Amino acid sequence: MPGPRALLGLGLLVAAARAGGRCRGWGWGRGWGQGREWGRCPPRRTMHGPSAGPGPKGLRFLGQEEAQAIDQELFTEYKFSVDQLMELAGLSCATAIAKAYPPSSFTTSQPAVLVVCGPGNNGGDGLVCARHLKMFGYLPTVYYPKRPSKPLFEGLTIQCEKMDIPFLPEFPAEAAFIDELYGLVVDAIFGFSFKGAVREPFGSILSTLERVTVPIASIDIPSGWDVEKGKADGLQPDMLISLTAPKKAATHFAGRYHFLGGRFVPPALQEKYALNLPAYPGTDCVLQLT
Amino acid sequence: MCFSHVPGKSRPPPPYPTSPGALPGPCLARIQPPRPRGWAPKRASRACPPPRATGRAHPEPYEPPARSLSAPRPPAQRPGDGAVSQILPVGGGGHPCPPRAHWCPLPLPSKAEAEAIEKELLEDYRFGRQQLIEIWGHACAVAVTKAFPLPSLPRKQPTVLVVCGPAQNGAIGLVCARHLRSFDYEPTIFYPKRSPDPLYRDFTTQCEKMDIPFLSYLPTEVQLINDAYNAVVDAVLGAEAEAGEGREPCAAILATLKHIRIPIVSLDVPSGWDAESGGSGGISPDVLVSLAAPKECARRFLGRQHFVAGRFLPYDVQKKFELNPPEYPGTECVVAL
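Residues numbered from 1 in each chain as written. Chains lettered and ligands numbered in written order. Predicted model: local features only at pLDDT ≥ 70, side-chain atom pairs only at ≥ 80, totals over all residues. Heavy atoms only, no water.

## Looking at the overall build of chain A
Piece 1. Within chain A one finds eight helices and seven strands.
Piece 2. Relative to all contacts within chain A whose residues are 6 or more apart in sequence, the contacts with residues 24 or more apart total 68%.
Piece 3. Roughly 11700 Å² of accessible area belongs to chain A as shown, and the carbon and sulfur atoms make up 54% of that amount. (Helix = DSSP H or I, 4+ residues; strand = E, 2+ residues; numbered from the N terminus. Contact = heavy atoms within 4.5 Å. Areas by Shrake-Rupley, 256 points an atom, 1.4 Å probe, with all protein chains shown as cover.)

As structure tokens, this is what we get:
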């Protein structure tokens with residue numbers, strides 16, 4: 001009669017073929033279930049791109065191309081779907097906001113939040129975030145001027161509408177209006193694919209947001225910032241929620257709260273890109289970096 | 001637990017505003033009156049039978065399900081007609097069970113209604129199927145970590161066996177396994193009959209690429225399973241399955257699972273149970289995670305913990321199907337009943 005270890009060995013024989021570069025072999029060797037720090041592997045990993053940036057314990061800050069490559073790999077190699085990861089990303093953003101700005105901390109009479117969604121995936125993250133904020137007890141309002149005609153975004157918009165989340169027909173003209181009506185603004189305009197000049201209507205939106213005094217929480221990249229160099233005279237958000245791993249622009253972030261979200265990166269991918277992600281606490285989907 | 005569902009009857013208006021109107025209304029999750037732990041029974045349209053005074057009032061002899069848990073259990077009471085009881089865990093030192101809540105004998109969502117809820121979410125609310133499965137799988141994984149926290153596991157390695165069936169319940173199990181892996185558990189998957197649906201194939205690939213091993217066969221020698229794993233996640237059959245044991249290989253899997261001694265966590269419906277009438281002689285899970293809302297068969301659930309993963313349900317769906325969900329604490333996506 002085979003013992004339990006042999007049983008597991010038999011089962012392991014039929015598992016799919018593995019890519020190389022992994023620091024642990026088959027079987028329940030070291031690293032499994034013991035340390036919680038993924039990515040702390042013996043030096044058999046490949047280093048891609050520039051060297052590690054500043055951050056807690058060697059956390060890597062990604063360049064724009066690396067970020068795009070990781071994203072691509074998640075979809076093509078790891079077969080994640082956009083709506084799956086967007087759901088997890090949006091949930092991370094809402095959870096981080098709930099930790100940093102609990103509803104009781106709002107100075108407005110109700111925890112009203114303005115979510116400004118851009119034309120791409122960052123906007124989609126914003127829509128999911130708005131829906132979860134509603135479930136967490138906030139009162140989100142969305143401004144979504146440029147909507148891609150893809151079923152994913154249409155679906156997310158309908159989910160928000162059906163949760164009674166209002167969509168503004170036009171953006172508040174003055175920063176003072178935003179300050180009066182909302183206790184927080186979520187910036188979900190541009191993400192890590194942003195490059196070049198800001199097209200309207202987002203140019204005027206961003207210049208209004210730059211004058212707003214209520215806190216701004218940016219999803220992944222403060223909108224309008226260069227993904228690697230930042231933007232000294234641009235938006236200055238109070239909170240940044242980096243998804244998957246922080247990008248180089250985050251080194252220029254000067255706000256109070258920097259969270260890491262998007263707890264879906266497979267260990268193999270973390271090793272391949274030497275992300276050195278710190279351990280998430282428990283089952284939380286966010287981790288506070290600062 | 002009371003899910004009131006009395007079609008055609010007019011209901012008294014709830015004590016909180018229900019229609020936000022043109023302006024963003026107050027969020028109902030925050031304004032709902034605080035509920036006691038567990039479900040607040042709604043006013044019944046017919047008089048509830050008075051709770052039974054003591055002891056066994058049922059004529060048939062009741063055999064507690066054969067399983068060994070770490071703490072000895074007192075003999076279970078057979079639920080009286082309509083009144084559902086939940087066995088609460090025995091504290092250390094063998095205290096008698098605390099008195100059980102008396103639940104109103106009103107029906108929970110039936111299998112048809114559960115299907116209708118899902119259909120509405122997919123068609124009217126335009127949730128994607130993968131999105132829903134991701135939400136549910138993630139919530140199930142969180143429930144598993146609450147029921148079996150890492151430090152509490154008896155074995156040295158936090159191993160969990162996830163048994164996945166061929167349909168949606170199995171796909172939810174795959175997502176659950178993946179999240180368990182990111183929560184530092186060591187799941188192993190047994191997925192004998194893989195769905196040809198490309199959607200579910202992607203879930204399989206994601207698990208494989210997270211280094212989660214897939215067993216090639218499930219040993220019929222249950223002691224091997226008892227020795228190797230801390231718990232089993234039963235994602236074999238869901239509410240959509242027909243009553244009874246089902247076809248191979250599900251029948252053989254369920255026959256094995258009936259005899260294991262480690263705790264079972266069932267996703268949505270204990271596999272092999274009829275979604276409405278419950279199971280007799282089927283598996284006896286220790287933990288049940290109801291998706292969206294508990295099904296009728298949950299009345300017959302006698303295990304240790306019952307979670308609901310329904311936070312994501314839009315308020316209008318809750319109202320339309322007259323669900324009466326509990327408060328979810330903080331940002332949690334599951335709540336224990």
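## What to know about the sheet that holds strand β1 (residues 112–117) of chain A
All names here are of chain A.
Piece 1. Spatial ordering of the open sheet is given by β2-β1-β3-β4-β5-β6-β7, a layout of seven strands whose pairing is mixed. In this open sheet, the two edge strands, each paired with only one partner strand, are β2 (139–143) and β7 (286–288). In this sheet, adjacent strand axes meet at a mean angle of 20° when their direction is disregarded.
Piece 2. Pairing geometry for strand β5 (residues 239–243) and strand β6 (residues 257–261), over five bridges, is parallel. Within β6, the position partnered with Ile241 by the bridge is Phe259.
Piece 3. Across the sheet, helix α3 (residues 82–100) lies against β3 (184–188), β4 (216–219), β5, β6 and β7, angled at about 150° from β5, the strand it touches most. (Pairing = 2+ DSSP bridges. Axes fitted to C-alpha atoms, helices over the stretch in contact; angles between N-to-C directions.)

## What to know about the pairing of β3 of chain A
Residues and elements named next belong to chain A.
Piece 1. Of all five residues that make up β3, five are buried, and the element is covered over most of its length.
Piece 2. The pairing of β1 with β3 spans five bridges and is classified as parallel. Note that in β3 the partner of Val116 across the bridge is Asp187.
Piece 3. Crossover β3 to β4 through helix α7 (residues 202–210) is right-handed. (Buried < 20%, exposed > 50% of the residue type's maximum accessible area, 1.4 Å probe, protein only. Right-handed = clockwise from strand over helix to strand, strands pointing away.)

## Some words on the pattern of salt bridges
Piece 1. Considering all chains together, one arrives at 17 salt bridges over all chains under this definition.
Piece 2. The closest approach of N and O atoms between Lys99 of chain A and Asp284 of chain A, which form a salt bridge, is 3.5 Å. One end of the pair, Lys99 of chain A, is in helix α3; the other, Asp284 of chain A, is in the loop between α8 (267–272) and β7, and 185 residues separate them in sequence.
Piece 3. Taking relative accessible area as the criterion, Asp284 of chain A reaches 28% and is therefore assigned partly exposed.
Piece 4. As a salt-bridge pair, Glu296 of chain B and Arg299 of chain B come within 3.1 Å of each other at their nearest N and O atoms. Comparing Glu296 of chain B with Arg299 of chain B, the two get one shared label, buried. (Salt bridge = Lys/Arg side-chain N within 4 Å of Asp/Glu carboxyl O.)

## A look at the nonpolar core
Piece 1. Counting 100 residues, the largest nonpolar core has Ile97, Val142 and Met239 of chain A together with Ile189 and Val289 of chain B as its most contacted members.
Piece 2. In terms of residues, this core owes the most to one element, helix α3 (residues 129–147) of chain B, which gives 11 residues.
Piece 3. Contact partners of Met239 of chain A, with chain neighbours within four places excluded, come to Ala96, Ile97, Ala100, Tyr101, Ile216, Ala217, Ser218, Phe253, Tyr257 and Phe259 of chain A.
Piece 4. Listed in part, the 50 residues of the second largest apolar core include Tyr182, Phe202, Ala249 and Leu269 of chain A. (Core = buried A, V, L, I, M, F, W, Y, C linked by side-chain atoms within 4.5 Å.)

## Topic: the packing of aromatic side chains
The geometry of an aromatic ring pair is captured by two quantities: the separation of the ring centres and the angle between the planes.
Piece 1. A complete count under the given rule lists eight aromatic pairs over all chains for this structure.
Piece 2. Look at Tyr101 of chain A and Tyr257 of chain A: their rings are 5.5 Å apart centre to centre, the planes differ by 80°, and that puts the pair in the edge-to-face class. Separated by 156 residues along the polypeptide, Tyr101 of chain A in the loop between α3 and β1 and Tyr257 of chain A in strand β6 bring together distant segments of the chain. For the pair formed by Tyr101 of chain A and Tyr257 of chain A, the shared burial category is buried.
Piece 3. Geometrically, the ring pair formed by Trp136 of chain B and Phe312 of chain B is edge-to-face, given 5.8 Å between the ring centres and 80° between the ring planes. Here Trp136 of chain B is found in helix α3, whereas its partner Phe312 of chain B is found in the loop between β6 (305–309) and α8 (315–320), with 176 residues between them in sequence. Across the pair, exposure class does not vary: Trp136 of chain B and Phe312 of chain B are buried alike. (Phe/Tyr/Trp six-rings, centres within 6.5 Å; stacked < 30°, edge-to-face > 60°.)

## Some points on the packing of helix α2 (residues 111–123) of chain B against α3 of chain B
Residues and elements named next belong to chain B.
Piece 1. Between α2 and α3, whose axes approach to 9 Å, the crossing angle comes to 125°. Taken as axis vectors, α2 and α3 run oblique relative to one another. Both α2 and α3 take part in a crossing whose hand is right-handed. Two secondary-structure elements touch here, α2 through Glu118, Leu121 and Leu122 and α3 through Arg129, Leu132 and Trp136.
Piece 2. Class assignment of the residues belonging to the contact of α2 with α3 gives a composition of four nonpolar, no polar and two charged. (Parallel < 35°, antiparallel > 145°, perpendicular 65-115°, else oblique. Left-handed = near helix turned anticlockwise from the far one by under 90°. Nonpolar A, V, L, I, M, F, W, Y, C, P; charged D, E, K, R; others polar.)

## As for the pairing of β4 of chain A
All names here are of chain A.
Piece 1. Burial of the side chains of β4 extends over both faces: Ile216 and Ser218 are buried on one face and Ala217 and Ile219 on the other.
Piece 2. Bridge count for β3 against β4 is three bridges, and the pairing is parallel. Looking across to β4, one finds that Val185 is bridged to Ile216.
Piece 3. Sheet topology note: the β4/β5 ladder contains three bridges and is parallel.

## Here we look at the confidence of the model for chain A
Piece 1. On average, residues of chain A score 83 in pLDDT, and 80% of them are at 70 or above.
Piece 2. Counting interchain partners and residues more than four positions distant, the pLDDT-below-50 stretch residues 9–54 of chain A has 83 contacts. (pLDDT = per-residue confidence, 0-100.)

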